[in-house]
Amino acid sequence: MQRGQSRPFAPPRRTGDLAIRSHDNTRGILAMLAAISFFAWMDAVMKLLAAHYPAVQVAALRGIAGLPLVCLYLWWRGEAGRVLQVRWPLHLLRGVLGVAMLSLFAYGLQTLPMAVAYTLFFIGPILIALLSVPVLKERVRRSHWLALAAGMLGVLVALRPDQDALLSWGALAVLAAACCYAVSAITGRVLTRTDSNGSLVFWMTLLIAVGAGALAARGWVPLRAEHAWTIVALAVTGFIGQMCITEAFRHGQAAVVAPFEYAALAWAVGLDWLLWRTLPDAATLVGAAIIVASGLYLVQQERRARQLG
């Protein structure tokens, strides 16, 4: 089969495939945890930059600054010649969704605390699980739904979003960004069946740079020298995070790896203490415990499935 052709979804075989899928899920979970750590730092950097530049310009900077790293990665891997052998319609869709997601989320960070923005954005894993059934034809077990529900409950307990903030334009922007992210994640999972990780990251980064750059051109604010290292940090964290999350959805079931995005709460707490010296209260700790428990429960269920297989 040539690269770029559609490959029909094959249902798992009864003998041995359950063990293989569980092993792949473990790899996907580890990749997701790594992705979340880098994306948490990226979000903190975006919030810093969004205080000085328009939201769509921050999204453009994410793509422009990260593109050299992606090109170096493709050259190192010897994959530069394969980036044109892709399924163009789906890559273009992911690019549009990526521009919208980053622009909307950066706008939300301008008007919302990170805690509230994270609370709203965490509807993304639930949307991914819902979409994985009709689009990817994945079988979502009861344990997956329980982990998703428990993780969302933990986020709400920990972050206690302000009702006034939830009704703002910033809140609506973050909700829309979460929807874009969910569709983009599912589209990326479809593309991993035929396209390489390098091509997925390259086209996403390039389309964000071009698309957001074109939208930001008219109101572009000159970059300040003191933000140079901040922009470098945006490029590095975004690039590594994108590589890790592509790996996560390549190897793991969408409904299995998505709940581990709730681990971002732990990073939010850590970054709050590191950058702003604020400590979590009792409710935050209780919510974090619920989230950790939901993740451990899912890992235990996957390990059990592997043993039974």
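Residues numbered from 1 in each chain as written. Predicted model: local features only at pLDDT ≥ 70, side-chain atom pairs only at ≥ 80, totals over all residues. Heavy atoms only, no water.

Right, let's get into the overall build of the protein. A count of helical and extended segments in the protein gives 13 helices and zero strands. Counting helices and strands in the order they occur from the N terminus, the protein gives α-α-α-α-α-α-α-α-α-α-α-α-α. A buried classification covers 51% of the 309 residues belonging to the protein. Summed over its atoms, the accessible surface of the protein is roughly 14,700 Å², and 68% of this surface lies on carbon and sulfur atoms. (Helix = DSSP H or I, 4+ residues; strand = E, 2+ residues; numbered from the N terminus. Buried < 20%, exposed > 50% of the residue type's maximum accessible area, 1.4 Å probe, protein only. Areas by Shrake-Rupley, 256 points an atom, 1.4 Å probe, with all protein chains shown as cover.)

Before going further, it helps to examine the nonpolar core. Core analysis: the biggest nonpolar cluster contains 78 residues, and Met32, Met46, Phe105, Tyr118, Phe121, Ile128 and Phe249 have the highest contact counts within it. By size, the runner-up hydrophobic cluster in this structure holds 11 residues, among which are Val70, Tyr73, Val86 and Trp203. (Core = buried A, V, L, I, M, F, W, Y, C linked by side-chain atoms within 4.5 Å.)

Here leucine 206 lies in helix α9 (residues 197-216). With 138 residues separating them in the primary sequence, leucine 206 and proline 68 have C-alpha atoms 9.9 Å apart.

Inspection of the secondary structure assignment puts leucine 175 in helix α8 (residues 169-191). Considering only alpha carbons, one finds leucine 175 and leucine 104, 71 residues apart in sequence, at a separation of 8.7 Å.

Let's shift gears to the packing of α9 against helix α10 (residues 228-251). Running from amino to carboxyl end, α9 crosses α10 at an angle of 135 degrees, the nearest separation of the two axes being 10 Å. Regarding the angle of α9 to α10, the classification is oblique. In this structure, the crossing between α9 and α10 has a hand that is right-handed. Along its contact with α9, which presents Asn197, Leu200, Val201 and Met204, the element α10 presents Phe239, Gln242, Met243, Thr246, Glu247 and Arg250. Residues that form the contact of α9 with α10 fall into these classes: five nonpolar, three polar and two charged. (Axes fitted to C-alpha atoms, helices over the stretch in contact; angles between N-to-C directions. Parallel < 35°, antiparallel > 145°, perpendicular 65-115°, else oblique. Left-handed = near helix turned anticlockwise from the far one by under 90°. Contact = heavy atoms within 4.5 Å. Nonpolar A, V, L, I, M, F, W, Y, C, P; charged D, E, K, R; others polar.)

Here the focus is the packing of aromatic side chains. In the structure shown here, the tally under the stated rule is six aromatic pairs. Judged by centre distance (6.3 Å) and plane angle (50 degrees), the rings of tyrosine 73 and tryptophan 76 are tilted. Placement of both tyrosine 73 and tryptophan 76 in helix α2 (residues 55-77) is noted, with a separation of three residues, approximately one turn of the helix. Residue tyrosine 73 is classed as buried on the basis of its relative accessible area of 17%. Owing to a relative accessible area of 63%, tryptophan 76 belongs among the exposed residues under this scheme. Taken together, a centroid distance of 4.9 Å and an interplanar angle of 75 degrees make the contact between phenylalanine 202 and tryptophan 203 edge-to-face. Given a relative accessible area of 13%, phenylalanine 202 falls into the buried group. These aromatic residues form a ring-pair network of at least three members: Tyr73, Trp76 and Phe239. (Phe/Tyr/Trp six-rings, centres within 6.5 Å; stacked < 30°, edge-to-face > 60°.)

Take the side chain of serine 184 next. Positionally, serine 184 belongs in helix α8. Assessed through its relative accessible area of 6%, serine 184 is described here as buried. Ignoring any residue separated from it by four or fewer positions in sequence, one finds serine 184 in contact with Arg94, Leu97 and Met204.

This brings us to the side chain of serine 143. Within the element layout of this structure, serine 143 appears in helix α6 (residues 142-159). Look past the residues within four positions of serine 143 in its chain and what remains in contact with it is Tyr297, Leu298 and Gln301.

Mapped onto the secondary structure, threonine 205 falls in helix α9. Owing to a relative accessible area of 3%, threonine 205 belongs among the buried residues under this scheme. Along the backbone, threonine 205 and proline 68 are 137 residues apart, and their C-alpha atoms lie at a distance of 9.8 Å.

With that out of the way, let us pick up the confidence of the model for the protein. Mean pLDDT over the protein: 81, with 85% of residues reaching 70 or higher. The least confident element of the protein, judged by mean pLDDT, is helix α7 (residues 163-166) at 62; the most confident is α2 at 92. Below a pLDDT of 50 lies the segment residues 1-20, which in the model reaches 25 contacts outside its immediate sequence neighbourhood of four places, other chains included. (pLDDT = per-residue confidence, 0-100.)

Let's shift gears to the pattern of salt bridges. Pairing between side chains of opposite charge can happen when the charged atoms of each approach one another. On inspection of all chains with the given rule, the structure shows two salt bridges. A salt bridge links arginine 224 to glutamate 226; the shortest N-O distance between them is 2.8 Å. (Salt bridge = Lys/Arg side-chain N within 4 Å of Asp/Glu carboxyl O.)

A word on the packing of α2 against α9. Look at α2 against α9: their axes get within 7 Å of each other, and the N-to-C directions meet at 145 degrees. As α2 packs across α9, the resulting crossing turns out to be left-handed. Along the contact surface, α2 presents Val56, Gln57, Ala59, Ala60, Gly63, Ile64, Gly66, Leu67, Val70, Cys71, Tyr73 and Leu74, while α9 presents Gly198, Ser199, Val201, Phe202, Thr205, Leu206, Ile208, Ala209, Ala212, Gly213, Leu215 and Ala216. Grouping the amino acids of the contact of α2 with α9 by side-chain chemistry returns 17 nonpolar, seven polar and no charged.

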